[in-house]
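# Coordinates in review
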Amino acid sequence: MTRIPTPRAGELRADASELLALITPPDREPPRTMTTLARQPELLAPFLGWAAALALKGVIAKREHEILALRVAWNCRSEFEWGEHAAYARAAGLTDEEIAAIVGSITDGQWSGAEIALLHVADELCDESSVSDATWSALASHFDAAQLVEIVMIAGQYTMLSMLANATGITLPDGLDPLPSA
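For the structure given in this document, a descriptive report is provided here. Per chain, the residues get numbers from 1 upward, laid out in the order the sequence is written. Confidence filtering applies because this is a predicted model: local features only for residues at pLDDT of at least 70, side-chain atom pairs given and counted only at 80 or more, and all residues used for totals across whole chains, interfaces and linings. Hydrogens and water are ignored here; the side-chain numbers use all heavy atoms of the structure.

### Some details on the environment of I60
In this description a helix means any DSSP run of H or I spanning at least four residues, a strand means any run of E spanning at least two, and both kinds are numbered starting from the N terminus. Relative to the helices and strands, I60 resides in the loop between α3 (41-56) and α4 (62-76). Throughout this description, buried means an accessible area under 20% of the type-specific maximum (1.4 Å probe, protein chains only), exposed means over 50%, and partly exposed covers the range between. By relative accessible area, I60 is classed as buried at 7%. When the C-alpha atoms of I60 and W82 are compared, they prove to be 19 Å apart, with 22 residues separating the residues in sequence. Contacts are assigned to residue pairs that have any heavy atoms within 4.5 Å of one another. Excluding residues within four positions of it along the chain, I60 makes contact with H65, F143, Q147, E150, I151 and I154.

Okay, here's the thing in structure tokens:
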């Protein structure tokens, strides 16, 4: 159940509406997390700047970014974030089999050492809000300092967006993958 309805035309401040128009792909609606965030317009522009920096200027490969985003969405049981990022993951080169394997045991997929470390870090950050020495060591063997910072921030961003989607009842648009049941 949607707790905060999607704003109707004219319901948002003009600056918030303009920002939403800028981030909306052609022939699609704006992401529902962003229309919800636009209800508090003072947060929308700073968030979009942050999200753009992470997505466009990040030092993590898109494939790795999406593996991390999907595992966080799975851990948070966020259907909306899962659906959005399954589509982004395909665009980043993940196969349907790899996307399906993200919800299973880390040893179920044919993951590289770096990808296994990313899956572990997503799990530990979601469970403990920290990373064990063993997982950090594994990460550090594959990623440099800038990437390590970004990995933690990616997990944090998708945890926050999952919380927003889950708490406000954002529904999954038609055509996106539902959250797997197991």
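### Regarding a nonpolar patch on the surface
Residues enter a patch when their relative accessible area is above 30% and they make no salt bridge; the linking distance is 9 Å between like charges and 5 Å between nonpolar side chains (Val, Leu, Ile, Met, Phe, Trp, Tyr). Only the protein chains shown count as covering a residue, and every accessible area follows the Shrake-Rupley method with a 1.4 Å probe. Any Lys or Arg side-chain nitrogen found within 4 Å of a carboxyl oxygen on Asp or Glu counts as a salt bridge. On the surface, W50, V149 and M153 cluster together into a nonpolar patch covering about 270 Å² of accessible area. Counting through the fold element by element, M153 comes out in helix α9 (residues 145-168).

### What about helix α5 (residues 79-91)?
Here a helix's expected span is defined as the number of its residues, less one, multiplied by 1.5 Å. In this model α5 runs 19 Å from its N-terminal to its C-terminal C-alpha over 13 residues, within 8% of the 18 Å that 1.5 Å per residue would give. For α5, the complete set of buried residues consists of F80, E81, W82, G83, E84, H85, A86 and A89. Among the structural elements, α2 (32-37), α4, α6 (96-101) and α9 are those in contact with the buried residues of α5. Positive backbone phi, at 100 degrees, marks G93, one or two positions downstream of α5.

### A few points about the nonpolar core
Within the largest apolar cluster, 30 residues are counted, with the highest numbers of intra-cluster contacts made by M34, L44, L139, F143 and I151. Elements with a contribution of two residues or more to this core: α1 (14-23), α2, α3, α4, α7 (113-128) and α9. With residues near it in sequence (within four places) discarded, L139 still touches A117, L118, V121, L148 and I151. Buried Ala, Val, Leu, Ile, Met, Phe, Trp, Tyr and Cys residues form a nonpolar core when they are joined through side-chain atoms within 4.5 Å. Residues I67, A73, L94 and L119 belong to the second largest nonpolar core, which totals 16 residues.

### As for the side chain of Q157
With respect to the helices and strands, the residue Q157 is situated in helix α9. If sequence neighbours within four positions are ignored, Q157 has contacts with F47, W50, A51 and L54.

### Things to note about the pattern of salt bridges
With the rule as written, the count across this model stands at ten salt bridges. Residue E11 is joined to R8 by a salt bridge in which the shortest nitrogen-to-oxygen separation is 3.8 Å. On the accessibility criterion, E11 (37% relative accessible area) is partly exposed. In this structure, R39 and E11 form a salt bridge, with 2.9 Å as the shortest nitrogen-oxygen distance. Taken together, the residues R39 in the loop between α2 and α3 and E11 in the segment before α1 connect sequence positions 28 residues apart. Classification of R39 as partly exposed rests on a relative accessible area of 33%. Through salt bridges with shared partners, one network takes in R8, E11 and R39.

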